[in-house]
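Single-letter residue listing:
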Amino acid sequence: MISMMIYDPQKAEQKLLEKAARQAAASLTEERWQIYAFDTLEQVADLVRGSPLLDLACYDVAPKGSIRFLEQVRTRYQETLLLLIADPSISPMDYIRPTILASALLLRPIDARRLQDSLSELLERYKERLSTGQEASLAVETREGTTYVPYSKIYYLEAREKKIYVRLKRQELTFYGTLEQLASQLPENFLRCHRSFIVCRDRIQKVMLSRGFLELEQGIQLPLSRSYKPLFKEAL
């Protein structure tokens, strides 16, 4: 599944963007899409607080404060491909910055042809990224299609009831598989801590060897089996 956020305070324009995004997606990929459409920065802030996966974004830089807010969001979503929407009255120097890193630009007034071209360019870059492996991610196969989860977003993986549960900050994805199958394809910073858990070392805040558990960000606790304790003594 591919996820996309649209931020545009102009309702009619927002609907046009969403319709064009779905049309462009249908012509380029068979994956299912999750599209979030917002007209206020407060709505965008509520979304990103939960740290959902965002593959693509269309973002209006014309409203007051939107550029500064986007720079803050980009520190957490550096891998998201970004289409900027701008007015000719705004200097490109305001939004063409290393802290924003737009992948495409759409200038107002927006017409259907230019909108379709800009979205097609964004989607082509996304497909190219996946095919060339530019983004280190775990491919999760579900009924909705394939979701590419950046390794940097994963807290841990759990084997339960013949399924793998991939835990993100406030989101959980599931698919059929085993930890043994996954272990060989995960980066070196993922460590087995229990027969049912593989943890991302970068998310660990405390290792309680004597008590047999790990404390991660967000107050998450995972069991640490006796057989895996030597591994954590060496790695941490």
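It should be noted that the structure appears before, not after, this text.
What you see is a predicted model, and the numbers here were worked out from it, not measured in a lab.

S.K.: Describe in detail the environment of T75, supporting the description with residues and values.
M.R.: With respect to the helices, strands and loops of the structure, T75 is situated in the loop between α3 (66–74) and β4 (81–86). T75 gets classed as exposed once you look at its relative accessible area, which sits at 55%. Put simply, T75 and S227 are 152 residues apart on the chain and 38 Å apart in space, counted from C-alpha to C-alpha. Separated by 2.6 Å, the side chain of T75 and the backbone oxygen of Q72 make a polar contact.

S.K.: So what about the sheet that holds strand β12 (residues 197–200)? Which residues, and what values?
M.R.: If you trace the five strands from one edge of the open sheet to the other, you get β10-β9-β8-β12-β11, paired in antiparallel fashion. Sheet topology places β10 (172–176) and β11 (190–194) at the edges, where each strand pairs with a single neighbour. Pairwise comparison of adjacent strand axes, ignoring direction, gives a mean angle of 25° for this sheet. Note that β11 and β12 share four bridges and pair antiparallel. Among the inter-strand pairings, L191 is bridged to a residue of β12, identified as V199.

S.K.: Can you break down α3 residue by residue, with the values?
M.R.: Of all the residues in α3, the buried ones are S66, I67, F69, L70, V73 and R74. Buried positions in α3, seen along its axis, are confined to an arc of 160° and lie on one side of it. Close packing links the buried residues of α3 with β1 (2–7), α2 (41–49), β3 (56–60), β4 and α4 (92–95).

S.K.: Describe the side chain of S51, naming the residues involved and giving the relevant values.
M.R.: Within the secondary structure, S51 sits in the loop between α2 and β3. Relative accessible area serves as the criterion here: at 11%, S51 is assigned to the buried category. Engagement of the side chain of S51 in a polar contact is seen with the side chain of R76, the distance being 2.9 Å. Setting aside residues up to four positions removed in sequence, S51 forms contacts with R76, Y77, K169 and Q171.

S.K.: Talk me through the sheet that holds strand β13 (residues 204–208); I want residue IDs and the actual numbers.
M.R.: Adjacent strands of a sheet form backbone hydrogen bonds with each other and so pair up, either parallel or antiparallel. Taken in spatial order, the three strands make up an open sheet running β13-β14-β15, and their pairing is antiparallel. Edge strands, defined here as strands with exactly one partner in the open sheet, are β13 and β15 (221–223). Strand-to-strand twist of the sheet, defined as the mean angle between neighbouring strand axes without regard to direction, takes the value 20°.

Calculation notes
Throughout, a residue's number is its position along its own chain's written sequence, starting from 1. Only residues with pLDDT of at least 70 get local features here, since the model is predicted, and only at 80 or more are side-chain atom pairs given and counted; chain-wide, interface and lining totals rely on the full set of residues. Side-chain calculation: all heavy atoms of the structure are included, whereas hydrogens and water are not. Counting from the N terminus, the helices are DSSP H or I runs at least four residues long and the strands are E runs at least two residues long. Only protein chains enter the accessibility calculation, which uses a 1.4 Å probe; a residue is then buried when its area is under 20% of its type maximum, exposed when over 50%, and partly exposed in between. Any N or O atom pair separated by 3.5 Å or less is treated as a polar contact, with the protein-specific requirement of one donor-capable and one acceptor-capable atom, and with residues adjacent in sequence counted only for side-chain atom pairs. Here the rule is simple: two strands pair whenever DSSP picks up at least two bridges between them. All axes here are fitted lines through C-alpha atoms, helices being fitted over the stretch that makes contact, and every angle between N-to-C directions spans 0 to 180 degrees. The reported arc concerns the directions from the helix axis to the C-beta atoms and nothing else. Contacts are residue-level and defined by heavy atoms, with any inter-residue pair within 4.5 Å sufficient.

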